[in-house]
Amino acid sequence: MTIATQIVWLFVLAIPISCISWTVTHEEIFREPHEWCVRRSQNGRFIVTRKFFYLFTCEYCFSHYITIIFIILCDYKLLLDDWRGYLIALFSLVFVANIYMSLFGLLRQAIKKEKVEIKKIESEEKQIENHND
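Note that the structure is predicted; figures quoted are calculated from it, not measured.

Asker: Explanation requested: helix α4 (residues 59-74) in the structure shown.
Answerer: Working note: α-helix, 3.6 residues per turn, so residues spaced by three or four point in the same direction. With 16 residues, α4 should cover 22 Å at 1.5 Å per step; its first-to-last C-alpha distance of 21 Å lies within 8% of that length. Among the residues of α4, those classed as buried are Cys61, Phe62, Ser63, His64, Ile66, Thr67, Phe70 and Ile71.

Written as structure tokens, this is what we have:
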């Protein structure tokens, strides 16, 4: 693969990695398993148990494991054509995927803030209309 192709793969592969990592650790569809993992990570009897279950509650940690799966599935290496290429790819993909997740989190936060502000304005307008009637 040329360097340009490898870079394209880097930014494209990071998309499903970030999507899967975010969905498992943040979205409602996985709320119950997430809460169960949180409890196990906080109340596990052994440190290994606590750390294992923590991996499913942290998008950064979880993205490492999803990245490993994608590197194996796609046989993706970055810059070097041996085991070092896999290692560079692992940390590069995790880095880019976490940038995507951070941007997505900021975007969601901005949208949520905007919705709250709109509801507040609508509520104030209704109060003014009711007061004028």
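Asker: What is the right way to read the packing of helix α2 (residues 31-43) against helix α3 (residues 47-54) from this model?
Answerer: Packed helix pairs are characterised by how far apart their axes lie and by the angle those axes make with each other. Packing of α2 against α3 brings their axes to within 7 Å, and their N-to-C directions diverge by 150°. Between α2 and α3, the crossing angle belongs to the class labelled roughly antiparallel. Crossing hand, α2 versus α3: left-handed. Between α2, through Trp36, Cys37, Arg40, Ser41 and Gln42, and α3, the contact on the second element is made entirely by Thr49, Arg50, Phe53 and Tyr54. In the contact of α2 with α3, the residues fall into 4 nonpolar, 3 polar and 2 charged.

Asker: So what exactly am I meant to see when it comes to the environment of arginine 45 here?
Answerer: Within the secondary structure, arginine 45 sits in the loop between α2 and α3. The class of arginine 45 is exposed, set by a relative accessible area of 74%. Along the chain, arginine 45 and valine 94 lie 49 residues apart, while their C-alpha atoms are 30 Å from each other.

Asker: Can you walk me through the pattern of salt bridges in this structure?
Answerer: Side chains bearing opposite charge may pair, as long as their charged atoms lie close to each other. The final tally for this structure, using the stated rule, is 6 salt bridges. A salt bridge links arginine 108 to glutamate 27, with the nearest nitrogen and oxygen atoms 2.4 Å apart. Of this pair, arginine 108 sits in helix α5 (residues 83-132) while glutamate 27 sits in the loop between α1 (3-26) and α2, and the two are 81 residues apart along the sequence. Since its relative accessible area comes to 36%, arginine 108 is described here as partly exposed. Here lysine 77 ties to aspartate 81 by a salt bridge, and the two come within 3.3 Å at their closest N and O atoms. In this structure aspartate 81 comes out as exposed when scored by relative accessible area, which is 68%. Through salt bridges with shared partners, a single network forms among Glu28, Arg31, Glu32 and Glu35.

Rules of the game
- Residues numbered from 1 in each chain as written.
- Predicted model: local features only at pLDDT ≥ 70, side-chain atom pairs only at ≥ 80, totals over all residues.
- Heavy atoms only, no water.
- Helix = DSSP H or I, 4+ residues; strand = E, 2+ residues; numbered from the N terminus.
- Expected span 1.5 Å × (residues − 1).
- Buried < 20%, exposed > 50% of the residue type's maximum accessible area, 1.4 Å probe, protein only.
- Axes fitted to C-alpha atoms, helices over the stretch in contact; angles between N-to-C directions.
- Parallel < 35°, antiparallel > 145°, perpendicular 65-115°, else oblique.
- Left-handed = near helix turned anticlockwise from the far one by under 90°.
- Contact = heavy atoms within 4.5 Å.
- Nonpolar A, V, L, I, M, F, W, Y, C, P; charged D, E, K, R; others polar.
- Salt bridge = Lys/Arg side-chain N within 4 Å of Asp/Glu carboxyl O.

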